[in-house]
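Residue-level listing of the chains:
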Amino acid sequence: MKLPFAESWKIKMIEPIRKSTREEREQWLKEAHYNVFQLKSEQVYIDLLTDSGTGAMSDRQWSQLMLGDESYAGATSFYKFEAMVQKIFGMPHVIPTHQGRAAENVLFSVLVKEGDVIPGNAHFDTTKGHIESRKAAAIDVTIDEAKNTQLELPFKGNVSLEKLEKVILENPGKVPFMVLTVTNNTVGGQPVSMQNIKETCALCHKHNIPVVMDSARFAENAYFIKTREEGYADKTIKEIALEMYAQADAMTMSAKKDAIVNMGGFIATRNKEWYEAAKLFCIPFEGYVTYGGLNGRDLNAIAQGLDENTEFDMLATRIHQVAYLASKLDEYNIPYQRPAGGHAIFVDADKILDSIPKEEFPAQTLTCELYLEAGIRACEIGYVLADRDPITRENRFGGLDLVRLCIPRRVYTDNHMDVIAAALKNVFDRRKEITRGVAIEWEAPLMRHFTVKLKRLG
Ligand SMILES: *Cc1c(COP(=O)(O)O)cnc(C)c1O
């Protein structure tokens, strides 16, 4: 008999979690104004809000904390971290920052000016924020197929080369760089193929445009290249990562994702001029260039995390768990963005709660129902998150209305996946009875989803 797949690690330390009653959850959700960001974590049984900074560090990482060098300048921890980033990505110049958006803030302070146009395969919201706050435009050049949730493509996060070239040709002299995000978080943690990475870099370089890789989930992307793209099955994840970055000019990284630490980030680049200029912004924003807002011990933990999470077995364990949850949803006929992504499942709420009008926010309603059902905290990636059009102030109903189930790394077991799938099935089975959604009572002018106050209709 073929032995079944199992995790490539065992558990040494546990953290108790608490179940609650439906009555308690009804009360708590009401007090949170039907916005799960306003819940206390103790009111949550299984927390799928994000995979960012929520992973479990390994015993090696915890032991690295003890070896942290907290010297203000030139700490051994910095050099250990710098050497690991150079080894994994092949980029010589490295600046630590306190998280991914801080890396964007420092680098974009050098690169982005008013009136610029920055194409990318679905910019992450903070990336977009750092572009738009500098009065520049972020233009999505992801392939159209990514919007069809039911279409199965191995590399649904790819860049459309036609769209990219169009943006470049229509904006001469205004495109300071292109952002290539791996995996493409916004369309469901979907990977970008090695071929597409190479063609995108070649096209940009033909027009003298540098490429900055937004790298939060680079290791998961490398795993998909190894397992799905021809010619990579026998390469190691580390070889694939080096090849992915061989043509890129710079990268920003949120270490809270694929470096499996609770806080941290960095910039790396081949461009000496960008490096020198970025250092000058790092010092006032983040701190001196050998710590960048982080403790020495954090830098050690990032170095260790990068090393171990670019090993195949670690990634196989992770991606298997996400795929396992997807297989349960398949069993129950629950629609989600196909195929399963690297870090999350994006449930297609519009297709489930189809009697609820857009104006009553189906995905937000499904997020509430899932919490009420079993204390599971998911995240709406839909019409609430989409905010209003900055000019017309109308709600933006043009995109997808999804509920994201984000799986923290090395935290939950497959039994938890079974609970999540069963809870969703229970909501799915009574979907015809859920005919009314939620209405906004109060909202902030920007990034409203964090603080929005809603009421339940009907
Ligand atoms: C999380 C993320 C960021 C921002 O990183 P933080 O560490 O949360 O500041 C940027 N880009 C992508 C693709 C991300 O997933």
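Conventions used here
- Residues numbered from 1 in each chain as written.
- Predicted model: local features only at pLDDT ≥ 70, side-chain atom pairs only at ≥ 80, totals over all residues.
- Heavy atoms only, no water.
- Core = buried A, V, L, I, M, F, W, Y, C linked by side-chain atoms within 4.5 Å.
- Buried < 20%, exposed > 50% of the residue type's maximum accessible area, 1.4 Å probe, protein only.
- Contact = heavy atoms within 4.5 Å.
- 1 Å grid on protein atoms, 1.4 Å probe; cavity = no way out; pocket = protein on both sides within 12 Å on 5 of 7 lines; lining within 4 Å.
- Points joined across faces, edges and corners; volume = space filled by probe spheres on them.
- Helix = DSSP H or I, 4+ residues; strand = E, 2+ residues; numbered from the N terminus.
- Nonpolar A, V, L, I, M, F, W, Y, C, P; charged D, E, K, R; others polar.
- Pairing = 2+ DSSP bridges.
- Near = heavy atom within 4 Å.
- Polar contact = N/O pair within 3.5 Å; in protein donor to acceptor, adjacent residues only side chain to side chain.
- Areas by Shrake-Rupley, 256 points an atom, 1.4 Å probe, with all protein chains shown as cover.
- Axes fitted to C-alpha atoms, helices over the stretch in contact; angles between N-to-C directions.
- Parallel < 35°, antiparallel > 145°, perpendicular 65-115°, else oblique.

Colleague: Quick rundown of the nonpolar core? Include the residues and the values.
Modeller: As a rule of thumb, nonpolar side chains are buried together in soluble globular proteins. One finds F89, F218, M244, Y245, F266, I302 and L306 to be the most contacted residues of the largest nonpolar core, which totals 59 residues. Setting aside residues up to four positions removed in sequence, F218 forms contacts with I88, F89, V182, A241, M244, Y245, M253, D258, L306 and T310. Counting 35 residues, the second-largest nonpolar core is a separate cluster that includes Y332, Y336, I345 and V403.

Colleague: So what's going on with the layout of surface pockets? Residues and values would help.
Modeller: In this structure, the second largest pocket spans a volume of roughly 1,500 Å³. What lines the second largest pocket is a set of 35 residues, among which M13, E15, A56, R410 and V411 lie closest to the centre. If one sorts the elements of the lining of the second largest pocket by residue count, helix α2 (residues 59-66) sits on top with three residues. A breakdown of the residues in the lining of the second largest pocket according to their chemical character gives 16 nonpolar, eight polar and eleven charged.

Colleague: So, the pairing of strand β9 (residues 344-348): which residues are in play, and what are the values?
Modeller: The buried count for β9 comes to five of five residues, which makes it a mostly enclosed element. Neither face of β9 is left uncovered, since the one carrying A344, F346 and D348 and the one carrying I345 and V347 both have all their residues buried. Across five bridges, the pairing between β9 and strand β12 (residues 402-406) is antiparallel. Across the sheet, residue V347 finds its bridge partner in β12, namely V403.

Colleague: I'd like a description of empty space enclosed by the protein, backed by residues and values.
Modeller: For the structure shown, the criterion picks out two cavities of 30 Å³ or more. Of the pockets and cavities examined, the largest cavity occupies roughly 120 Å³. Together, 16 residues line the largest cavity, and W9, T317, R318, R409 and R410 are the ones closest to its centre. Grouping the constituent residues of the lining of the largest cavity by class yields seven nonpolar, three polar and six charged.

Colleague: Can you explain the environment of N185? Please cite residues and give values.
Modeller: Of note, N185 is situated in the loop between β5 (178-181) and α7 (194-206). Take N185: its relative accessible area is 7%, and that puts it in the buried class. With 62 residues separating them in the primary sequence, N185 and H123 have C-alpha atoms 8.5 Å apart. Residues within four places of N185 in sequence aside, it is in contact with F124, R217, H343, F346 and R404.

Colleague: A description of the site of the ligand should follow, citing residues and the corresponding values.
Modeller: Taken together, the neighbourhood of the ligand is formed by 14 residues, with Q99, R101, D214, S254 and K257 sitting nearest. Contact distances for the ligand include 2.7 Å between an oxygen atom and a side-chain N or O atom of R101. Side-chain polar atom of K257 to an oxygen atom of the ligand: 2.8 Å apart, as the coordinates give it. A total of 380 Å² of accessible area belongs to the ligand in isolation, and the protein chains cover 98% of it. Examining the composition of the shell around the ligand, we find that three residues originate from one element, helix α4 (residues 100-111), more than from any other.

Colleague: Could you give an account of the packing of helix α8 (residues 218-228) against helix α12 (residues 312-331), naming the residues involved and the relevant values?
Modeller: At their nearest, the axes of α8 and α12 sit 10 Å apart, and the two run at 90° to each other. In this view, α8 runs roughly perpendicular relative to α12, as classed from their interaxial angle. The residues of α12 that touch α8, namely those facing A219, E220, Y223, F224, K226 and T227, are F312, L315, A316, R318, I319 and H320. Looking at side-chain class alone, the contact of α8 with α12 contains seven nonpolar, two polar and three charged residues.

Colleague: Mind laying out the side chain of T367, listing which residues take part and the relevant values?
Modeller: The topology assignment puts T367 in helix α14 (residues 362-374). According to the relative accessible area criterion, T367 is buried, its value standing at 1%. Beyond its immediate stretch of four places on either side in the chain, T367 contacts V36, A378, C379, E380 and V403.

Colleague: So what's going on with the sheet that holds β12? Residues and values would help.
Modeller: Spatial ordering of the open sheet is given by β9-β12-β11, a layout of three strands whose pairing is antiparallel. The open sheet has two free edges, formed respectively by β9 and β11 (379-381), since each of these has just one partner strand. Put simply, the sheet's adjacent strands are angled 35° from each other on average, direction ignored. In this fold α12 packs onto β9 and β12, with an angle of close to 25° to the strand it touches most, β9.

This is a description of form; function is not addressed.
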